[in-house]
Amino acid sequence: MNPPALRARLLVICAAVLVLLGGMLFAIGRWNAAEADRAFVEAAARAAALPATTLPPRYWAPVATARPGPTVAQRIEAIEAARSLPAAPVRPPSPPPAAAGSGASTAKPSAAP
């Protein structure tokens, strides 16, 4: 068989293997995401099946609207304020330098009589 045909077959086989591996990686990623979702659902079902107590069930599930309580938020803000750098002092603008050769004298003006 001629070399260009062999090279074409090799490239086709390599491309097929790469597509297969890419599909497997995609499938494994989807499987892991579904497994994590199933774990959260199972944890929520177990927490809901706990006997009623005065305390709320102890489980955490991520939601977009989850916020810490007001005292925890105040402590976090206080720590962040203590960690932040103080504001830099404001420097007054410096006067522009005198233009060379403009005829301006460097002598101090005389006091008015």
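Our structure is the block above this text.
Residue numbers restart at each chain and count upward from 1, following the sequence in its written direction. Local features in this predicted model are restricted to residues of pLDDT 70 or higher, and side-chain atom pairs are both shown and tallied only at a pLDDT of 80 or more, whereas totals for entire chains, interfaces and linings draw on every residue. Excluded from the side-chain calculation are hydrogens and water; included are all heavy atoms of the structure.

1. Focus: the overall build of the chain
- Broken down by element type, the chain carries 2 helices and 0 strands.
- Residue burial is assigned from relative accessible area. The probe radius is 1.4 Å, only protein chains are included, and a residue is buried under 20% of its type maximum, exposed over 50%, and partly exposed in between. When each of the 113 residues of the chain is scored for burial, the buried share is 2%.
- Surface exposure here means Shrake-Rupley accessible area, sampled with a 1.4 Å probe, where a residue is shielded only by the protein chains that are shown. Surface accessibility of the chain: about 11000 Å² in total, with carbon and sulfur atoms responsible for 68%. In DSSP terms, a helix is any run of H or I states spanning at least four residues, a strand is any run of E spanning at least two, and both are numbered starting from the N terminus.

2. Details of the pattern of salt bridges
- Each reported salt bridge corresponds to a side-chain nitrogen of Lys or Arg within 4 Å of a carboxyl oxygen of Asp or Glu. A full pass over the atoms with the stated rule returns 1 salt bridge.
- Notably, a salt bridge pairs Glu 35 with Arg 38, separated by 2.8 Å at the nearest N-O pair. Taken together, the positions of Glu 35 and Arg 38, both in helix 1 (residues 3–49) and 3 residues apart, correspond to about one turn of that helix.

3. Topic: helix 2 (residues 70–83)
- Taking 1.5 Å per residue, 14 residues should reach 20 Å; helix 2 reaches 20 Å between its end C-alpha atoms and fits that length.
- Among the 14 residues of helix 2, 1 are classified as buried, and the element is accordingly described as predominantly exposed. Under the convention used throughout, the expected extent of a helix is 1.5 Å for every residue step, that is, one less than its residue count.

4. Considering a nonpolar patch on the surface
- For patch building, the residue pool is restricted to those with more than 30% relative accessible area and no salt bridge; the joining distance is 9 Å between like charges and 5 Å between nonpolar side chains (Val, Leu, Ile, Met, Phe, Trp, Tyr). Together, Ile 13, Val 17, Leu 18, Leu 20, Leu 21, Met 24 and Ile 28 give the surface a local cluster of nonpolar side chains, amounting to about 680 Å² of exposed area.
- Note that Leu 20 resides in helix 1.
- Residue Leu 20 is classed as exposed on the basis of its relative accessible area of 52%.

5. Focus: the packing of aromatic side chains
- Two rings belonging to Phe, Tyr or Trp (six-membered ring only in the last case) form a pair when the distance between their centres is within 6.5 Å. Interplanar angles under 30 degrees mark stacking, angles over 60 mark edge-to-face geometry, and anything in between is tilted. Under the counting rule described, the total for this entry stands at 0 aromatic pairs.
- Of note, Arg 38 hangs over the ring of Trp 31, and the distance from its end group to the ring centre comes to 5.0 Å. We count a charge as sitting over a ring when the NZ of a lysine or the CZ of an arginine lies within 6 Å of the ring centre and within 35 degrees of the ring normal.

Shape is all these values report; function is a separate question.
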